[in-house]
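Read off the chains here:
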Amino acid sequence: MAFISIIIPLYNKGFIIDKTLASVLAQTFTDYEIVIIDDGSTDSSVEKIKQFDDCRIQLFQQKNQGAAAARNLGIKKATGELIAFLDADDYWYPNHLEELVKLINDFPNCGMYCSRYQTMIAKNHIINNSFSYSFADDYRGIVSDFFQASLVNRIATSSSIIVPKNIILEFNGFNIAISNGEDLELWTKIAIKNNVAINNVISAIYHFEAQNSLAKLKFTKKALIDLNQFSEEEKENKSLKKFLDIYRLEYALQYRIAGDIENSKKILKNITSNIP
């Protein structure tokens with residue numbers, strides 16, 4: 001049984017999955033398994049995976065059901081007590097797992113462990129993400145106010161965190177009823193109930209350019225997070241309220257752009273924060 005299970009949901013990423021997988025196999029911490037869930041790819045993704053000869057790689061295939069269902073199957077197949085997530089078009093530096101394991105050892109009993117990360121916003125254009133409006137760039141430890149710190153840059157992304165498997169199971173994994181933001185919903189649930197720790201080392205790259213190219217489905221056709229499910233928690237946590245209102249504003253704007261004025265107005269009525 002591996003110490004860490006790395007879950008990679010895969011759908012039509014044949015153009016980049018070999019680079020992503022190579023970054024995992026280059027990790028200095030090696031006690032892991034790689035659980036790849038192919039979500040009905042129609043390109044060369046599966047063939048690219050099969051070119052790698054490493055007994056730690058496990059490939060499972062399912063009909064196309066979306067990232068949430070793929071991750072949930074990965075969680076079911078995982079044998080490790082810790083789950084590291086990696087999207088098929090993102091990248092880890094060799095020290096990623098090693099630094100997160102150190103963080104886990106130094107700050108046990110947290111619900112989520114986060115690495116600092118960079119964002120690739122265009123080819124050969126990578127930016128660092130700072131949380132200096134909440135804590136210093138060299139800060140390492142438990143985040144005192146997760147949602148305040150995530151107002152500009154999100155602390156938790158799907159390729160920069162490790163979560164204990166038992167914590168994920170407490171929330172029944174990812175919500176397959178939504179098609180946009182299922183990761184945001186789960187990280188929010190975890191952070192409401194648990195401490196979150198962050199590293200002071202950049203060890204991952206979030207490929208925004210590739211991620212953004214997936215957003216082809218008309219916004220009005222997407223199944224969104226029910227942000228009002230957190231209404232009681234928002235009453236007690238002003239930072240959470242501000243954090244969620246940012247997404248309410250984003251949804252309202254997207255609905256308006258799509259011509260759905262009714263839903264846009266409905267969401268705007270729930271925004272009461274002075275969003276920075």
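Everything discussed here concerns the structure shown above.
Everything in this summary refers to the structure shown in the same document. Model, not experiment: these values are computed from the prediction.

## So, helix α1 (residues 17-25)
Move 1: For α1, every residue scored as buried is listed here: Ile17, Thr20, Leu21, Ser23 and Val24. Within α1, the buried residues cover an arc of 155° as seen down the axis, which keeps them to one side.
Move 2: Turning to α1, the residues buried within the fold contact β1 (4-10), β2 (32-39), α2 (45-50), β3 (57-62) and β5 (91-92).

## Some points on the pairing of strand β9 (residues 161-164)
Move 1: Residues of β9 alternate between two faces, with Ile161 and Val163 on one and Ile162 and Pro164 on the opposite face, all of them buried.
Move 2: For strand β6 (residues 112-122) and β9, the ladder comprises 2 bridges, and the chain directions are antiparallel. Looking at the pairing, Tyr113 lines up with Ile162 of β9.

## Some points on the pairing of strand β4 (residues 82-85)
Move 1: Residues of β4 alternate between two faces, with Leu82 and Ala84 on one and Ile83 and Phe85 on the opposite face, all of them buried.
Move 2: In this structure, β1 lies alongside β4, joined through 4 bridges in parallel fashion. By the bridge assignment, Ser5 is partnered in β4 with Ile83.
Move 3: The sheet contact formed by β4 and β9 spans 3 bridges and is antiparallel. Each bridged residue has a counterpart across the sheet, and for Ala84 the counterpart in β9 is Ile162.

## Structural notes on the pattern of salt bridges
Move 1: Scanning all chains against the criterion turns up 13 salt bridges.
Move 2: Notably, a salt bridge pairs Glu98 with Lys102, separated by 3.7 Å at the nearest N-O pair. Of this pair, Glu98 and Lys102 both sit in helix α4 (residues 96-106), 4 residues apart, roughly one helical turn.
Move 3: Owing to a relative accessible area of 37%, Lys102 belongs among the partly exposed residues under this scheme.
Move 4: Look at the salt bridges and you will find they share partners, linking Glu234, Lys241, Asp245 and Arg248 into a network.

## A look at a nonpolar patch on the surface
Move 1: Together, Ile121, Ile127 and Phe208 give the surface a local cluster of nonpolar side chains, amounting to about 210 Å² of exposed area.
Move 2: Along the chain, the position of Ile127 falls in strand β7 (residues 125-128).

## Topic: the packing of aromatic side chains
Move 1: With the rule as written, the count across this model stands at 11 aromatic pairs.
Move 2: For the pair Phe131 and Phe135, a centre-to-centre distance of 5.9 Å together with 35° between the ring planes defines the contact as tilted.
Move 3: With a relative accessible area of 0%, Phe131 lands in the buried category.
Move 4: Plain terms: the ring middles of Phe174 and Trp187 are 5.6 Å apart, the flat faces sit at 80° to each other, and that makes the pair edge-to-face. Here Phe174 is found in the loop between α6 (165-170) and α7 (182-193), whereas its partner Trp187 is found in helix α7, with 13 residues between them in sequence. Assigned by exposure class, Phe174 and Trp187 land together as buried.
Move 5: In this structure an aromatic cluster arises from ring pairing among Phe146, Phe147, Phe243 and Tyr247.
Move 6: The ring of Tyr91 has Lys19 sitting right over it, with the charged end atom 5.5 Å from the ring centre.
Move 7: In this structure, Arg71 is placed above the aromatic ring of Phe174, and the distance from its NZ or CZ to the ring centre is 5.2 Å.

Thresholds, definitions, all that
Residues numbered from 1 in each chain as written. Predicted model: local features only at pLDDT ≥ 70, side-chain atom pairs only at ≥ 80, totals over all residues. Heavy atoms only, no water. Buried < 20%, exposed > 50% of the residue type's maximum accessible area, 1.4 Å probe, protein only. Helix = DSSP H or I, 4+ residues; strand = E, 2+ residues; numbered from the N terminus. Arc of directions from axis to C-beta. Contact = heavy atoms within 4.5 Å. Pairing = 2+ DSSP bridges. Salt bridge = Lys/Arg side-chain N within 4 Å of Asp/Glu carboxyl O. Patch = residues over 30% accessible without salt bridge, like charges linked within 9 Å, V, L, I, M, F, W, Y side chains within 5 Å. Areas by Shrake-Rupley, 256 points an atom, 1.4 Å probe, with all protein chains shown as cover. Phe/Tyr/Trp six-rings, centres within 6.5 Å; stacked < 30°, edge-to-face > 60°. Lys NZ or Arg CZ within 6 Å of the ring centre and 35° of its normal.

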